[in-house]
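# Architecture and fold: a report
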Amino acid sequence: MPAMTGHDLAWWMAHIERVHPSTIDMGLDRIRAVADRLGIRPSFPVVTVGGTNGKGSACMMLESILQHAGYKTACYTSPHLLRYNERVRIARSAADDASLVRAFAAVEAARAKVDVPLTYFEFGTLAAMALFVEAKVDVAILAHAVRGHPPGDDAQHRQTGDDVEAVEAGHGEVQEEEQFALIGLRVLLVHRVVLGGS
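Because the structure is a prediction, the values reported are computed rather than measured. (Residues numbered from 1 in each chain as written. Predicted model: local features only at pLDDT ≥ 70, side-chain atom pairs only at ≥ 80, totals over all residues. Heavy atoms only, no water.)

This paragraph deals with the overall build of the protein chain. Across its full length, the protein chain holds seven helices and six strands. Secondary structure elements in the protein chain, listed N-terminal to C-terminal, are α-α-β-α-β-β-β-α-α-β-α-β-α. When the 198 residues of the protein chain are sorted by exposure, 46% land in the buried category. Pairs at least 24 apart in sequence give 75% of the contacts found in the protein chain among residues at least 6 apart. When the accessible surface of the protein chain is summed, it comes to about 9700 Å², and 53% of that surface belongs to carbon and sulfur atoms. (Helix = DSSP H or I, 4+ residues; strand = E, 2+ residues; numbered from the N terminus. Buried < 20%, exposed > 50% of the residue type's maximum accessible area, 1.4 Å probe, protein only. Contact = heavy atoms within 4.5 Å. Areas by Shrake-Rupley, 256 points an atom, 1.4 Å probe, with all protein chains shown as cover.)

Here it is in structure tokens:
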């Protein structure tokens, strides 16, 4: 991605909130058009973690397992606690301001070329994926707050061309022991799909 300067991260945070009049806008055409313009073509597996509860814990667990197995990991989660940087992690380290600013600038340039609006989440997803591709990670983990694939995550999930299943983190009113069973299921899924186990 080309280096672009002139605005700090705080400016970009405000900007991406203004680009689209709606918080949510279903559909894949807009984000796919911008991703194509950016040339985002992930060659690595993408694991999506969706649901209502436990997404952050599941993502951190998967990151730890994969890193200890020798894989260079990437993770995109929301929301953040203190700083936006927490949402984008490479090798379990938060992205720095300069990297995020550069990624946001690249997304904005591509968005302007195809002349479409992007939601806050779509903008962030594209910026994160651009950084993950640039960093040549081995596997990416994407979390989202609703069941199924939202537009941003689903477009990136499909870009890989890999048949990587989603990890469903929503568990309703299950008991504690059932929650541990669900965690075990997620670990098994990653072992089979990402690590190539049986």
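This is not the end of the story, as more comes after the structure.
A positive phi angle, close to 55°, is found at A91, a residue other than glycine. By the element assignment, A91 lies in the loop between β3 (88-90) and β4 (93-94). One non-glycine residue, D115, adopts positive backbone phi at about 55°. By the element assignment, D115 lies in the loop between α4 (97-114) and α5 (120-135).

For the structure shown, the criterion picks out six aromatic pairs. Taken together through their ring pairs, the aromatic side chains of W11, W12, Y84, F104, Y120 and F123 make up a single cluster. (Phe/Tyr/Trp six-rings, centres within 6.5 Å; stacked < 30°, edge-to-face > 60°.)

The calculated volume of the second largest pocket comes to roughly 250 Å³. Lining of the second largest pocket is provided by 15 residues; of these, K55, G56, T77, S78 and P79 occupy positions nearest its centre. Considering every element that reaches the lining of the second largest pocket, the biggest residue donor is helix α3 (residues 55-68), with three residues. Here the residues of the lining of the second largest pocket are counted per class, giving four nonpolar, seven polar and four charged. (1 Å grid on protein atoms, 1.4 Å probe; cavity = no way out; pocket = protein on both sides within 12 Å on 5 of 7 lines; lining within 4 Å. Points joined across faces, edges and corners; volume = space filled by probe spheres on them. Nonpolar A, V, L, I, M, F, W, Y, C, P; charged D, E, K, R; others polar.)

Within the element layout of this structure, R111 appears in helix α4. Since its relative accessible area comes to 14%, R111 is described here as buried. When sequence neighbours within four positions are dropped, the list of residues in contact with R111 reads V19, V34, V116, P117, L118 and F123.

Mean pLDDT over the protein chain stands at 77; residues scoring 70 or higher make up 66%. Highest mean pLDDT in the protein chain belongs to β3 (97); lowest belongs to helix α7 (residues 176-193) (46). Segment residues 157-166 is flagged for pLDDT under 50; beyond a separation of four residues in sequence, or across chains, it makes 30 contacts in the model. In the predicted structure, residues 168-189 sits below a pLDDT of 50 and forms 37 contacts with residues beyond four places in sequence or in another chain. (pLDDT = per-residue confidence, 0-100.)

Turning to the pairing of strand β5 (residues 139-143), a few remarks are in order. Of all five residues making up β5, five are buried, and the element is well covered by its neighbours. Neither face of β5 is left uncovered, since the one carrying V139, I141 and A143 and the one carrying A140 and L142 both have all their residues buried. Of the strand pairs in this sheet, strand β1 (residues 46-50) and β5 are connected by four bridges, and their pairing is parallel. The residue of β5 that forms the bridge with V49 is A143. In this structure, strand β2 (residues 73-76) lies alongside β5, joined through four bridges in parallel fashion. Along β5, the bridge assignment pairs Y76 with L142. (Pairing = 2+ DSSP bridges.)

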